[in-house]
Amino acid sequence: MTWTFSFRLCAALPALVCCMALSAAHAQSVPKTIRMVVAYPTGGVSDLVARALAEKLAAQLGSTVVVENKGGASGTIGMDAVAKAAPDGATLGFSAISPLVLNPHIAKSPFDPLKDIAPVASVMYSPVLLLATEATGTRDFRTLLDDARARPGAVRWATSGRASLGHIVLEELRSGAGVDITHIPYKGGAQQLNDALGGQFEILSINPGPALAQHISSGKLRPLAVGAPARLASLPKVPTLAELGYPAANLSSVFGIFAPANTPAILIAKYNVEINKALESPDLRARLAAAGNVPTGGSADAFGDEIASEYESNERIVKAAGLKSD
């Protein structure tokens, strides 16, 4: 094979390559202002974590990160806003993975969860706490089931929304324990917690947060069980649902950062690196631990694989539980 170049072309190539590289770098540089859509209302644990992470990313990237709360439909409304945003790196989303892996099996999704959203990084693992309110005298999990069997439909269980992970935990217990418990869906954790303290229902399933510890310590909320791989260091006497004989209900939440599909790979990689860096900072890890959450991190590809696996698993769970949209 013979390679022939004119002298002028060879001389021009370095300048051409340099210009192309500069153009690509400029086109895919991190935006000066980034919108972080939080798929839940203000005041909840997810909102607090998202704002702490946004603060870290702003400092590391030298950009302004504006947090925008778009709660409702168990995270679907916020993630739809992410899916429909321009794929230029100026929009990120913070959410549990449930709007991608669970909600679409319950009701028609306004976006394709596996095609319209790009996973950027896993942020944290959050246990699901099962708590009794002052509306009931229930002191332990077995008593809860006995009460539900004795009074079908009388026990009310509040979750952060239909198709939320707490709802799936409830459905798994309904099926596994053969009990009739009334589901009370909310649009997020903040109002759910306020009503729990007012005794407006008997049971709630909720992710941990800074405010919960004081209410548990005071006895206003009584922990009955936890959805987690192991007992929590903060609640060592509280058994997991797996220990209690209900492994299918022993579920926990995974939260992460997402971007619109077709966001440049170079930006996804950059954000992934910076998120992992933020999660290594002692102060952010301490804030997560104080709220009962565990930092995760890892590559975007690994996060994508986890989402794909959970999507298939939840499809089987929803069909078995017979869940349908309202």
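The coordinates are above.
Residues numbered from 1 in each chain as written. Predicted model: local features only at pLDDT ≥ 70, side-chain atom pairs only at ≥ 80, totals over all residues. Heavy atoms only, no water.

1. Comments concerning the pairing of strand β10 (residues 253-260)
Here's step 1: For β10, the tally of buried residues reaches 8 of 8 residues, placing the bulk of the element in the interior.
Here's step 2: Looking at chain direction, strand β3 (residues 91-96) and β10 are connected through 4 bridges and run antiparallel. Opposite S95, over in β10, you have G256 as the bridge partner.
Here's step 3: Relative to β10, strand β4 (residues 117-126) runs antiparallel, the two sharing 8 bridges. Among the inter-strand pairings, S122 is bridged to a residue of β10, identified as G256. (Buried < 20%, exposed > 50% of the residue type's maximum accessible area, 1.4 Å probe, protein only. Helix = DSSP H or I, 4+ residues; strand = E, 2+ residues; numbered from the N terminus. Pairing = 2+ DSSP bridges.)

2. Brief notes about helix α9 (residues 210-218)
Count 3.6 residues to each turn of an α-helix, and residues three or four apart come out pointing the same way.
Here's step 1: Turning to α9, its buried residues number three or more, namely L212, H215 and I216. Along the axis of α9, the buried positions cluster into a sector of 100°, meaning they face one direction only. In α9, those exposed residues whose orientation departs by more than 90 degrees from the buried face are Q214 and S217.
Here's step 2: Of the surrounding secondary structure, the elements contacted by the buried residues of α9 are β5 (128-132), α8 (189-197), β8 (203-206) and β9 (222-227). (Arc of directions from axis to C-beta. Contact = heavy atoms within 4.5 Å.)

3. Examining the sheet that holds strand β6 (residues 156-159)
Here's step 1: Ordered by their spatial adjacency, 5 strands build an open sheet running β7-β6-β8-β5-β9, and the pairing between neighbours is mixed. Lying at the two open borders of the sheet, with one neighbouring strand each, are β7 (182-185) and β9. Direction aside, the axes of adjacent strands within the sheet are offset by 25° on average.
Here's step 2: Two strands pair when backbone bridges link them, and β5 and β9 are joined in this way by 5 bridges, in the antiparallel orientation. Residue pairing in the sheet places V128 in a bridge with G227 of β9.
Here's step 3: Contacts between helix α6 (residues 141-150) and the sheet are confined to β5, β8 and β9, with β9 contributing the most and set at about 95° to the helix. (Axes fitted to C-alpha atoms, helices over the stretch in contact; angles between N-to-C directions.)

4. Considerations on the packing of aromatic side chains
Here's step 1: Tallied over the entire structure, the rule returns 5 aromatic pairs.
Here's step 2: Each ring, one from F94 and one from F255, has its centre 5.8 Å from the other, and the planes form 20°; the classification is stacked. With a gap of 161 residues between them, F94 in strand β3 and F255 in strand β10 connect regions that are remote in the sequence.
Here's step 3: Overall, the relative accessible area of 0% leaves F94 in the buried class.
Here's step 4: Among the aromatic residues, those joined into a cluster by ring pairs are Y40, F94 and F255. (Phe/Tyr/Trp six-rings, centres within 6.5 Å; stacked < 30°, edge-to-face > 60°.)

5. Examining the pattern of salt bridges
Here's step 1: As enumerated under the stated definition, the model contains 14 salt bridges in all.
Here's step 2: A salt bridge links K70 to E68, with the shortest nitrogen-to-oxygen separation between them at 3.4 Å.
Here's step 3: Among the residues examined, K70 registers a relative accessible area of 29% and is labelled partly exposed.
Here's step 4: In this structure, R285 and E280 form a salt bridge, with 3.9 Å as the shortest nitrogen-oxygen distance.
Here's step 5: On the basis of relative accessibility, which here comes to 34%, the residue R285 falls in the partly exposed class. (Salt bridge = Lys/Arg side-chain N within 4 Å of Asp/Glu carboxyl O.)

6. Quick look at the sheet that holds strand β1 (residues 33-38)
Here's step 1: Overall, mixed pairing links the 6 strands, which are arranged β2-β1-β3-β10-β4-β11 in an open sheet. Of all the strands in the sheet, the pair left with one neighbour each is β2 (64-69) and β11 (294-295).
Here's step 2: The pairing of β1 with β3 spans 4 bridges and is parallel. Within β3, the position partnered with V37 by the bridge is G93.
Here's step 3: Along the sheet, helix α12 (residues 300-321) makes contact with β4 and β10, crossing β4 at roughly 80°.

7. Considerations on the nonpolar core
Here's step 1: Ranked by size, the top nonpolar core spans 81 residues in total, and within it F94, F141 and I257 carry the most contacts.
Here's step 2: Residues contacting I257, with those up to four places away along its chain left out, are M36, L53, L92, G93, F94, P119, V120, A121, V123, I275 and F303.
Here's step 3: With 18 residues, the next largest nonpolar core counts Y125, A158, F201 and L232 among its residues. (Core = buried A, V, L, I, M, F, W, Y, C linked by side-chain atoms within 4.5 Å.)

8. Focus on unusual backbone geometry
Here's step 1: One non-glycine residue, A73, lies in the positive phi region at around 55°.
Here's step 2: Mapping A73 onto the fold places it in the loop between β2 and α3 (76-83).
Here's step 3: Exposure remark for A73: the relative accessible area of 46% places this residue in the partly exposed category.
Here's step 4: Within the chain, S74 stands out as a residue other than glycine whose phi angle is a positive 55°.
Here's step 5: For S74, the location among the structural elements is in the loop between β2 and α3.
Here's step 6: For S74, a relative accessible area of 9% puts it in the buried group.

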